[in-house]
Amino acid sequence: MPQAIALTRYQGLDALELVAPDGARAVLLLHGAHVVSWVPAGGVEQLYLSPKAVYANGQAIRGGVPVCFPQFAGRGPLQKHGFARTKPWQLARAEQGADDALAVLRLVDDAASRMVWPHAFELEMCVRVSGQMLEMELSCENKGDTPFEFTAALHTYLGLNELDDTSLVGLAGLHYLNSVTGEEQRQRSDLLLPGSPGLQDLDRIYFNAQHDLALREQGISATRELLIGQQGFEDVVVWNPGAEKCAALADMPADGYRHMLCVEAASVGRPVRLEPGQDWAGLQTLMRISDKA
């Protein structure tokens, strides 16, 4: 029989600590349905969470996995990345099963959301942890009587020992928007080397990303490989602020850019359109292949 998981507290906020029978664990906040930690069975922390992150009602948290909805970044009239990441979500279900642990959180429209985005909706965020895998699924249903469109992302911050030792594999042939320069280009190489010359300030939207990616980190003292997959989300966003922009972020240490890379499952290039009663779901899966320190 599944065992219910009780609410706990994390940095003063309501949270769920999901622990699978094999020891894999994740921490999920009700604030923004925000995943702030993922440790695979027998492994170490895989996400980056800024030591200067702010934990307060109505504030975005720097790191982990913020939920961007119903707008990605500043690509529209709403606040950056929309409102879902700063609102309180409701617990629908949380339990430990025979081989996993999972939680489902729910967010519905209210008077405040309708003031800036006048639509009736229901969001669910399902987080499942087991073995070497973390699964995060965001779903949306149109509960109103008129169609609406949205863009969305799981803004996943992956933790690194050192950015200069890191590569991202699997992007060859994809067209992308360089959000730093505004230019659209094509990725010719399968390999992206964040932090290398010309990529210190990295902000790209890769369109129609259909294949899994691999994050590889190989340094003198550590090796790591993480497989990144997605379904439902059409695009991938790769972001690192670089030294100059990172130093200007109040909720990041000046060298924080060296220890993170965002690889985000996103639907940005073509907004999702839902007719009344229709629903949509997007899944991001992270799987640890190796991790040696």
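Structural data are supplied above this passage.
Residues numbered from 1 in each chain as written. Predicted model: local features only at pLDDT ≥ 70, side-chain atom pairs only at ≥ 80, totals over all residues. Heavy atoms only, no water.

Asker: Report on the sheet that holds strand β3 (residues 13–19), specifying residues and quantitative values.
Answerer: Sheet architecture is open: four strands sit in the order β2-β3-β4-β5, paired in antiparallel fashion. Edge positions in the open sheet fall to β2 (8–10) and β5 (35–39), since each of these has one partner strand only. Recorded for the sheet is a direction-independent mean angle of 30° between the axes of neighbouring strands. Bridge analysis of β3 against strand β4 (residues 25–29) gives five bridges, and the strand direction is antiparallel. Bridging across to β4, glutamate 17 finds its partner in valine 27. (Pairing = 2+ DSSP bridges. Helix = DSSP H or I, 4+ residues; strand = E, 2+ residues; numbered from the N terminus. Axes fitted to C-alpha atoms, helices over the stretch in contact; angles between N-to-C directions.)

Asker: Requested: an account of unusual backbone geometry, with residues and values cited.
Answerer: In this structure, the amide linkage connecting phenylalanine 69 to the following residue, proline 70, adopts the cis form with an omega of 0°. Along the polypeptide, proline 70 turns up in the loop between β6 (67–68) and β7 (90–96). One non-glycine residue, alanine 73, lies in positive phi territory at about 50°. Structurally, alanine 73 can be placed in the loop between β6 and β7. Even without being a glycine, histidine 81 presents a positive backbone phi close to 65°.

Asker: Give me the nonpolar core: which residues, what numbers.
Answerer: One broad rule of soluble globular proteins: the nonpolar side chains tend to lie buried together. In this structure, Trp89, Leu138 and Phe150 are the most contacted members of the largest nonpolar core, which totals 73 residues. Top contributing element to this core by residue count: strand β21 (residues 260–274), with seven residues. In this view, phenylalanine 150 contacts Phe69, Pro70, Trp117, Cys140, Pro271, Val272, Leu274 and Trp280; residues no more than four positions away in its chain are not counted. Counting 10 residues, the second-largest nonpolar core is a separate cluster that includes Ala73, Leu177, Phe207 and Val268. (Core = buried A, V, L, I, M, F, W, Y, C linked by side-chain atoms within 4.5 Å. Buried < 20%, exposed > 50% of the residue type's maximum accessible area, 1.4 Å probe, protein only. Contact = heavy atoms within 4.5 Å.)

Asker: I'd like a rundown of the pairing of strand β14 (residues 175–178), residues and numbers included.
Answerer: Relative to strand β15 (residues 183–186), β14 runs antiparallel, the two sharing four bridges. Residue pairing for β15: leucine 177 is matched across the bridge by glutamate 184. Here β14 folds back onto β15, and the loop between the two strands holds four residues, one of which, glycine 182, carries a positive phi near 80°. Relative to strand β17 (residues 202–206), β14 runs antiparallel, the two sharing three bridges. Residue pairing across strands places asparagine 178 opposite arginine 204, the latter belonging to β17.

Asker: Can you explain the side chain of aspartate 235? Please cite residues and give values.
Answerer: Structurally, aspartate 235 is set in strand β20 (residues 235–240). Buried and unpaired, aspartate 235 has arginine 75 as its nearest opposite-charge partner, separated by 7.4 Å. A distance of 2.8 Å separates a polar side-chain atom of aspartate 235 from the backbone nitrogen of valine 268. (Lys, Arg positive; Asp, Glu negative; His and termini not counted. Salt bridge = Lys/Arg side-chain N within 4 Å of Asp/Glu carboxyl O. Polar contact = N/O pair within 3.5 Å; in protein donor to acceptor, adjacent residues only side chain to side chain.)

Asker: Account for the packing of aromatic side chains, naming residues and giving values.
Answerer: For the structure shown, the criterion picks out 14 aromatic pairs. Judged by centre distance (5.0 Å) and plane angle (65°), the rings of tryptophan 117 and phenylalanine 148 are edge-to-face. One end of the pair, tryptophan 117, is in the loop between α1 (111–116) and β9 (121–130); the other, phenylalanine 148, is in strand β11 (residues 148–154), and 31 residues separate them in sequence. A relative accessible area of 8% places tryptophan 117 in the buried class. Here the aromatic residues Phe69, Phe83, Trp117, Phe121, Phe148, Phe150, Phe233 and Trp280 are joined through ring pairs into a cluster of three or more. (Phe/Tyr/Trp six-rings, centres within 6.5 Å; stacked < 30°, edge-to-face > 60°.)

Asker: Tell me what's going on with the pairing of β5, and back it up with residues and numbers.
Answerer: Burial analysis of β5 places five of its five residues in the buried class, the great majority of the element. The sheet contact formed by β4 and β5 spans four bridges and is antiparallel. Of the residues in β5, the one forming a bridge with leucine 28 is valine 35.

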